[in-house]
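Next come the chains, spelled out residue by residue.
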Amino acid sequence: AAPAPPPPPAVVQRIGGDVAQANLLVSPKPQYPALARAARVQGVVLLNATISKEGTIKDLKVISGHPLLNEAAMEAVRQWKYKPQQTSMIGNHRY
């Protein structure tokens, strides 16, 4: 018998920050890094995240931000939980 065909590729839906925000259930804030505080660094960290169908963060990348703030923002976003969806989602988040 012929081998079974491969499964179809996962469907990924691109969403904007407003849609992602509406589906967000848990969103702890980042801890301000002591080194950034001492250096009086502040700013926005822009992240791109893939959200699994189960509502967890699967893939997370920094688009822009200060190096002293990036890891704290990523650490917080990795803990975010969204409403489960039919498909995975990709969204941008600003801190």
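### Regarding the pattern of salt bridges
- Per the stated rule, a full pass over the model turns up 3 salt bridges.
- Among the ionic pairs, Lys-61 bridges to Asp-59, the shortest N-O distance being 3.4 Å.
- Of the charged contacts, one joins Arg-78 and Glu-75 as a salt bridge, the two residues approaching to 3.4 Å between their closest N and O atoms.
- Looking at Glu-75, the relative accessible area reads 42%, which means it is partly exposed.
- Three or more residues are tied together by salt bridges with common partners; here these are Glu-71, Glu-75 and Arg-78.

### Section: the confidence of the model for the protein chain
- Summary statistics for the protein chain give a mean pLDDT of 81 and a share of 74% for residues scoring 70 or more.
- Looking across the protein chain, the model is least confident in strand β1 (residues 12–14), with a mean pLDDT of 53, and most confident in helix α3 (residues 67–77), with 95.

### Some remarks on the pairing of strand β4 (residues 57–64)
- Bridge analysis of strand β3 (residues 46–51) against β4 gives 6 bridges, and the strand direction is antiparallel. Within β4, the residue paired with Leu-47 across the bridge is Val-62.
- Linking two consecutive strands that pair antiparallel, namely β3 and β4, is a turn of 5 residues; a positive phi of about 95° is found at Gly-55 within it.

### Thoughts on the nonpolar core
- Residues Leu-47, Ile-57, Leu-60, Val-77, Trp-80 and Tyr-82 are the most contacted members of the largest nonpolar core, which totals 15 residues.
- The set of elements that each furnish at least two residues to this core consists of β3, β4 and α3.

### Regarding the environment of Ala-73
- Within the fold, Ala-73 resides in helix α3.
- Distance from Ala-73 to Gln-31, taken between C-alpha atoms, is 7.9 Å for residues 42 residues apart in sequence.

What counts as what
Residues numbered from 1 in each chain as written. Predicted model: local features only at pLDDT ≥ 70, side-chain atom pairs only at ≥ 80, totals over all residues. Heavy atoms only, no water. Salt bridge = Lys/Arg side-chain N within 4 Å of Asp/Glu carboxyl O. Buried < 20%, exposed > 50% of the residue type's maximum accessible area, 1.4 Å probe, protein only. pLDDT = per-residue confidence, 0-100. Helix = DSSP H or I, 4+ residues; strand = E, 2+ residues; numbered from the N terminus. Pairing = 2+ DSSP bridges. Core = buried A, V, L, I, M, F, W, Y, C linked by side-chain atoms within 4.5 Å.

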